[in-house]
Each structure stands twice: as C-alpha cells, then as structure tokens.
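Single-letter residue listing:
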Amino acid sequence: MQHRIVTPGYLHDEKGHLMEAGYATNLIKTYDRKRIAANPLRIKEWDYYLIQSDRYALALTIADNGYMGLDSVSLLDFDGPWEKTVSKMSILPLGKRNLPPTSEKGISKSAGKGYEIVFENDGKKRRLYGHMDDFKDGSPILFDVTLTQAPRDSMVIVTPFADKPKAFYYNQKINCLRAEGRAEWNGNEYLFAPAHSFAVLDWGRGVWTYENTWYWGSASGLAEGVPFGFNIGYGFGDTSAASENMLFYDGVAHKISQVKFEIPMKDGQEDYLSPWRFTSDDGRFEMDFIPIIDRASCTDFKILCSDQHQVFGRFSGTVILDDGTKIPIRDLLGFAEKVRNKW
C-alpha cells in the first residue's frame, strides 16, 4: 500500500524534520529553504525541462547545488542521430540563484560568459528562452519555447533517507506540457508545434546523501490521439512510503507500483543501445524500449563523480489504468536513464 499525501502544510517542521513521506498529484507541501537543517553546501535545487517533437529534442537545466552551480543546454537530433550538450559550472552559489520555492509560478534564470538561460512562469504559461554562444562547431544555439496546457495531475514524491535524518528529496515531474517555439543552430531551425510537441519538467529540491545511483524514465506524447505520459524510477532514498511510478492519461494520474528496468548486458557491462525491457510487479506497465541515442557523460574527480547514461528511444507495450482499461502504446518517444553520482 502506497501512502498518498493529502494534507497541505510545510514540508519540514521547525527543527528540519520531514513532516510526511509519500506521494501526491500536486505540490501539496510547502518547500521553505530556511527550514532545512542540513549544511547549505549540501542543498540541491534544480529545474530541468525536456522539450521534444518526434524528430528532435531540447533539454535545459538550471541548478544550484550548494557548492556548485550547473547550467546546461542539450540538442538531440533523432534522425541523425546525434546529440550535443554544453554545461557551464560555477562555484558556491549557495542559494544565491534564488530558484523559486514552488513550480507553480516564478522565474529561474542564470547567465555567464557567452550564455543565458531563463525560465519565466506566470502561472498560466512557461517561457523558456536563452542562448549558448559556442555550442557546436563554433555556432551558437538560440531557443525560445512556450509551454502551456499543464495537466491536472503530476507526480510528486517526498522521499526521506533512512540513515540520514537531515537528507530528503522533494520532487515533481510534470508530463505532457504542450510546447510551441523553436531552437536555432548553424542555420538549422528546430520547430516545436503544440499538436505533436510535448515537454516534461523535473523540479527537484533536496539534500542528498553523498553517493547514489538512480534510474529514471519518462515519456510524453499521444496514445491513440489522447495525451499520455508516464514517470518511472527508483534507486535512492527510502521509498517504502511510495514509489514515483505513475501514468498520466488525458491529464489524470494513475498510480502504479514497482517498475523494473531490465538493461541488457554485454561482456559484463550494460549495453545501453540494445533493446531494454520494463516490467512492473502489478502487471500494469509492460514495455519494450528501442534506443536511438545514449546521451552519455562521465566526469570523475574521484571525490566528485558523475556517470550518466540518458538513453532516448521509443517505447511500445501496454499500460493499465486504475479502472482496468488497457492502453496500447506504440513507438512513444521518451528516455530511460541510469545515473551514478558522488556529490
């Protein structure tokens, strides 16, 4: 049985303890950075957007991770296929980026030498715009995308860490946002039309333990003409109160149990570009996954390490809604990832 949070209030009490763990379908708990009991160097806050059509995608990140700021722009071409990511780091932002305490409204922005990333949210629409001057082959990338039609429900989870009482993760994933706009690079125009372009927001606030490995998968699109998406994942924290696995059909959330990522192996290592399989213990999420691009990166400074494989591809299979309705899924574009961090 998974615990659903239904009572509004602060995320933490006045001593920095989580008030309640579990899942919700909106941002029901109030995040207040001043109530966190941990060292400010350990506080991690970020907004990540992925915008995609059936042929290409744009990913944007603004993060304030206490001792390190991170701003990132990725462009992915599924026809090529190819991808390019440029990330900019800064030292000791320590909350000075003033990322909003809620995803419902506010401005997240960051700029440095040769780049700017801005997320403006007035509560009805989200405008994501900016540029990265030296992006790929000496040419800049410019982008300006507006997101609308936020669905009624989203995936929200409050996750504690059993062995670290000051650690926590407060996370929201909003799938199936309609996207309209463009990115431009090297004379090429990447258009996002709302009829077939969707976005997901990964809104994260927390204090994590030092070393973690997580699995995350997400997709947004259409299933037989109806907006459909999902969020799946596991790997860190105490998720005994609830998993983050959820289906979204026509804006309504359908909670599912545990989902297993079956990554193929070759010569004793994960073979990320071979077909994957996903299975759930309740039989409500059964999916094959055909990879297109592995957006891989590995940074290893021994004390700090990040080994990431975000694999984009197409999902096909069957999901089952809360009322037992079976929804066939065919070639739905999305991603699945495995990430190991020491930070």
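Nothing here was measured: the structure is a model prediction, and the numbers come from that model.

## Focus: the overall build of the protein
- Helix and strand content of the protein: zero helices and 26 strands.
- Taking 2.2 N^0.38 as the reference for a compact globule, 343 residues should give roughly 20 Å; the C-alpha atoms of the protein span a radius of gyration of 19 Å, in line with that estimate.
- Dimensions of the protein, computed from C-alpha atoms along their principal axes, come out at roughly 55 × 50 × 50 Å.
- Here the contacts in the protein between residues at least 6 apart in sequence split such that 55% fall between residues at least 24 apart.
- Split by element, the accessible area of the protein, about 15100 Å² in all, is 50% carbon and sulfur.
- Side-chain charges in the protein split into 41 positive and 46 negative, and the spacing between the mean points of these groups amounts to 5 Å.

## Some details on unusual backbone geometry
- In this structure, the amide linkage connecting Gly 80 to the following residue, Pro 81, adopts the cis form with an omega of -15 degrees.
- Turning to its location among the elements, Pro 81 is positioned in the loop between β6 (68–77) and β7 (82–91).
- Although it is not a glycine, Asp 137 adopts a positive phi angle of roughly 55 degrees.
- Summarising the element assignment, Asp 137 is placed in the loop between β10 (126–136) and β11 (139–148).
- Even without being glycine, Glu 224 reaches a positive phi, approximately 55 degrees.
- In this structure Glu 224 comes out as exposed when scored by relative accessible area, which is 66%.

## So, the nonpolar core
- Counting 68 residues, the largest nonpolar core has Ile 51, Leu 58, Val 73, Leu 147 and Tyr 170 as the members making the most contacts within it.
- No other element matches strand β13 (residues 164–185), which puts nine residues into this core.
- With residues near it in sequence (within four places) discarded, Val 73 still touches Leu 58, Ala 59, Leu 60, Lys 84, Thr 85, Val 86, Ile 117, Met 132, Phe 135, Ile 141 and Phe 143.
- Within the second largest apolar cluster, 25 residues are counted, among which are Phe 285, Met 287, Leu 321 and Ala 336.

## So, the pattern of salt bridges
- For the structure on display, the rule yields 17 salt bridges.
- Taking the shortest distance from any N to any O, the salt bridge between Arg 284 and Asp 322 comes out at 2.7 Å. With a gap of 38 residues between them, Arg 284 in the loop between β23 (276–280) and β24 (285–300) and Asp 322 in the loop between β25 (305–320) and β26 (326–342) connect regions that are remote in the sequence.

## As for the environment of Gly 106
- Relative to the elements of secondary structure, Gly 106 occurs in strand β8 (residues 106–112).
- Taking the C-alpha atoms as reference points, Gly 106 and Arg 126, separated by 20 residues in sequence, lie 9.4 Å from one another.
- Apart from residues lying up to four places away in sequence, Gly 106 is in contact with Pro 100, Phe 119, Glu 120 and Asn 121.

## A word on the packing of aromatic side chains
- Here the structure, examined in full by the defined rule, presents 32 aromatic pairs.
- Taking the centre distance of 6.0 Å and the plane angle of 65 degrees together, the rings of Trp 214 and Phe 236 count as edge-to-face. Taken together, the positions of Trp 214 in strand β16 (residues 211–223) and Phe 236 in the loop between β17 (226–234) and β18 (246–249) put the pair 22 residues apart, joining distant regions of the chain. Each member of the pair, Trp 214 as well as Phe 236, is classed as buried.
- Ring centres of Trp 216 and Phe 335 lie 4.8 Å apart, and the angle between their planes is 85 degrees; on these two criteria the pair is classed as edge-to-face. On the criterion of sequence distance, the pair formed by Trp 216 in strand β16 and Phe 335 in strand β26 is long-range, its members being 119 residues apart.
- Judged by its relative accessible area of 0%, Phe 335 is buried.
- Taken together, the aromatic side chains of Tyr 215, Phe 228, Phe 230, Tyr 234, Phe 261, Tyr 272, Trp 276, Phe 278, Phe 285, Phe 289 and Phe 315 make up a single cluster linked through ring pairs.
- Residue placement shows Arg 35 over the ring face of Tyr 10; its charged tip is 3.6 Å from the ring centre.
- Directly above the aromatic system of Tyr 23 lies the positively charged group of Lys 255, at a separation of 5.2 Å from the ring centroid.

## Side note on the side chain of Arg 35
- By the element assignment, Arg 35 lies in the loop between β3 (29–30) and β4 (43–52).
- Despite being buried, Arg 35 has no salt bridge partner; Asp 32 is the closest side chain of opposite charge, sitting 4.0 Å away.
- Among the polar contacts listed, one links the side chain of Arg 35 to the backbone oxygen of His 12, at a separation of 2.9 Å.
- Not counting residues within four places of it along the chain, the set of residues in contact with Arg 35 comprises Tyr 10, His 12, Asp 13, Glu 14 and Gly 16.

Rules and cut-offs
- Residues numbered from 1 in each chain as written.
- Predicted model: local features only at pLDDT ≥ 70, side-chain atom pairs only at ≥ 80, totals over all residues.
- Heavy atoms only, no water.
- Helix = DSSP H or I, 4+ residues; strand = E, 2+ residues; numbered from the N terminus.
- Rg over C-alpha atoms; globule rule 2.2 N^0.38 Å.
- Contact = heavy atoms within 4.5 Å.
- Areas by Shrake-Rupley, 256 points an atom, 1.4 Å probe, with all protein chains shown as cover.
- Lys, Arg positive; Asp, Glu negative; His and termini not counted.
- Charge placed at Lys NZ, Arg CZ, Asp CG, Glu CD.
- Buried < 20%, exposed > 50% of the residue type's maximum accessible area, 1.4 Å probe, protein only.
- Core = buried A, V, L, I, M, F, W, Y, C linked by side-chain atoms within 4.5 Å.
- Salt bridge = Lys/Arg side-chain N within 4 Å of Asp/Glu carboxyl O.
- Phe/Tyr/Trp six-rings, centres within 6.5 Å; stacked < 30°, edge-to-face > 60°.
- Lys NZ or Arg CZ within 6 Å of the ring centre and 35° of its normal.
- Polar contact = N/O pair within 3.5 Å; in protein donor to acceptor, adjacent residues only side chain to side chain.

Without other data, these values stay purely geometric and don't point to any function.
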